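# Report on the structure
The residues making up each chain are set out below.
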Amino acid sequence: MPHHLTNADLHSHSTVSDGTLAPEAVAAFAAERGVELWALTDHDEVAGQARARAAALAAGLDHLTGCEISVSFAGETVHIVGLGFDETDPALVQGLAATRAGRLQRAREMGEGLARVGIEGAFEGALRLAGNPDLVTRTHFARFLVEAGVCPNTHSVFTRYLKEGLPGYVPYQWARLGDAVRWITGAGGMAVIAHPARYRFSPTAEYALITEFIEHGGRGIEVVTGSHGVADVMKYTDTAREFGLLASRGSDFHSPTESRVMPGELPDLPGSLTPVWQALQERITRAGRNKSLRKNPESPTLVGCPELRAFVHLLRPPFSSV
Ligand code: AMP
Ligand code: MN
Ligand code: MN
Ligand code: MN
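A few points on the structure.

### Topic: the sheet that holds strand S2 (residues 37-38)
- Strand order in the open sheet formed by three strands is S1-S2-S3, and the pairing between neighbours is parallel. In the strand order of this sheet, the two ends are held by strand S1 (8-9) and strand S3 (62-63), each with one partner.

### Considerations on helix H2 (residues 49-59)
- Of all the residues in H2, the buried ones are Gln49, Ala52, Arg53, Ala55, Ala56 and Ala59.
- Each element contacted by the buried residues of H2 is listed here: helix H1 (23-32), S2 and S3.

### Side note on the pairing of strand S5 (residues 76-83)
- Of all eight residues in S5, six are buried; the element is thus mostly enclosed.
- For strand S4 (residues 66-73) and S5, the ladder comprises eight bridges, and the chain directions are antiparallel. Bridge pairing in S5 links Cys67 to Gly82.
- Here S4 folds back onto S5 in antiparallel fashion, the turn holding two residues, of which Ala74 has a positive phi close to 50 degrees.
- Summarising the sheet, S5 and strand S6 (residues 190-193) pair through four bridges and their orientation is antiparallel. Paired with Ile80 across the bridge in S6 is Ile193.

### So, unusual backbone geometry
- Despite not being glycine, Asp44 shows a phi value in the positive range, around 50 degrees.
- The residue Asp44 is located in the loop between S2 and H2 in this model.

### Description of the pairing of S6
- Here S6 shows no split at all, with Met190 and Val192 on one side and Ala191 and Ile193 on the other all buried.
- In this structure, S6 lies alongside strand S7 (residues 220-225), joined through two bridges in parallel fashion. Counted as the bridge partner of Ile193 is Ile221 from S7.
- Tracing the backbone out of S6, into helix H9 (residues 203-215) and back to the parallel element S7 gives a crossover that is right-handed.

### Let's talk about the packing of H1 against H2
- Between H1 and H2, whose axes approach to 8 Å, the crossing angle comes to 30 degrees. Compared by their axis directions, H1 and H2 come out roughly parallel. Considering the relative orientation of H1 and H2, their crossing is right-handed. For the pair formed by H1 and H2, the contact residues are Pro23, Glu24, Ala27, Ala28 and Ala31 on the first element and Arg51, Ala52, Ala55, Ala56 and Ala59 on the second.
- Of the residues assigned to the contact of H1 with H2, the class counts are eight nonpolar, no polar and two charged.

### What to know about helix H8 (residues 177-186)
- If you check which residues of H8 are buried, you get Leu177, Ala180, Val181, Trp183 and Ile184. Take H8 and look down its axis: the buried residues cluster within an arc of 160 degrees, on one side only.
- Check the buried side of H8 and you find it contacts S4, S5, helix H3 (90-100), S6 and H9.

Cut-offs and rules
Residues numbered from 1 in each chain as written. Chains lettered and ligands numbered in written order. Predicted model: local features only at pLDDT ≥ 70, side-chain atom pairs only at ≥ 80, totals over all residues. Pairing = 2+ DSSP bridges. Helix = DSSP H or I, 4+ residues; strand = E, 2+ residues; numbered from the N terminus. Buried ≥ 20, exposed ≤ 12 C-beta atoms within 10 Å, placed from the backbone. Contact = placed C-beta atoms within 7 Å. Right-handed = clockwise from strand over helix to strand, strands pointing away. Axes fitted to C-alpha atoms, helices over the stretch in contact; angles between N-to-C directions. Parallel < 35°, antiparallel > 145°, perpendicular 65-115°, else oblique. Left-handed = near helix turned anticlockwise from the far one by under 90°. Nonpolar A, V, L, I, M, F, W, Y, C, P; charged D, E, K, R; others polar. Arc of directions from axis to C-beta.

Okay, structure coming up:
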């Protein structure tokens, strides 16, 4: 089978960051939906990687290590996915620890901002919902506000409270682009620009992001991802070709009830692109003989029907902004 048709999902989250399923459950969920190659990419943390690898192999999934690093670039938060690195690399581990170090204080300030508009207990609520106290994210605040009946769903919490300029938003200085790329590449991995269509960049700022990313050693860009519509896929297919970047594919799955796109249900990568996994072959841990476990003819997947998969995005409106 040509490389670009591999059902790869190289962007997903577990309870180690802001997903609702444990790493083992995400692996099982992905395998049931026909994923063949999987990476768990928790925000700013690699503590779930050994569990993810073991669970992937048990479920018959080929596996790459992963993470999603928060970066500040030109006044915007940008996410850089790392794939295929050694998760014990000290510079990577220390860099990620430094990146998430201020999250608890930021969360306290977010709670104060929300208290000022009459929403009490949000910090404590978000902390309770966070699987990892080091990694309280806006997603946990969003879930708390839904639980408290303030908003009907997490998306509306972001729109009303958590985006820049709103009461629950606290500006934060994340990692520098070059540092994030070097932590990943220094650990033997590949850096990939996550969901490029979600940033509010001018064409000039986006050009700066891509060229600086490449100068620092970055090599990939997500073309097919949960928040990209058809026009975004077409635009970033052109971008990948223009800049000679490898293309990645990942659902950005967080939860079976919150995420619009489930693992395994993304459109295929366009055949004109070179997938990141083609260049990462030596970094992939193969599921080997367990692979047959993956085949489950009863599972409700679109994998057997590539024509349908290519149209999934037409049925689901993409959501925008980080
Ligand atoms: P943080 O790193 O704490 O700023 O949280 C960022 C996370 O919030 C992202 O990784 C997404 O999971 C989530 N998020 C951002 N924007 C939205 C949105 N509009 N709707 C739902 N979740 C969002
Ligand atoms: Mn997230
Ligand atoms: Mn992201
Ligand atoms: Mn993500």
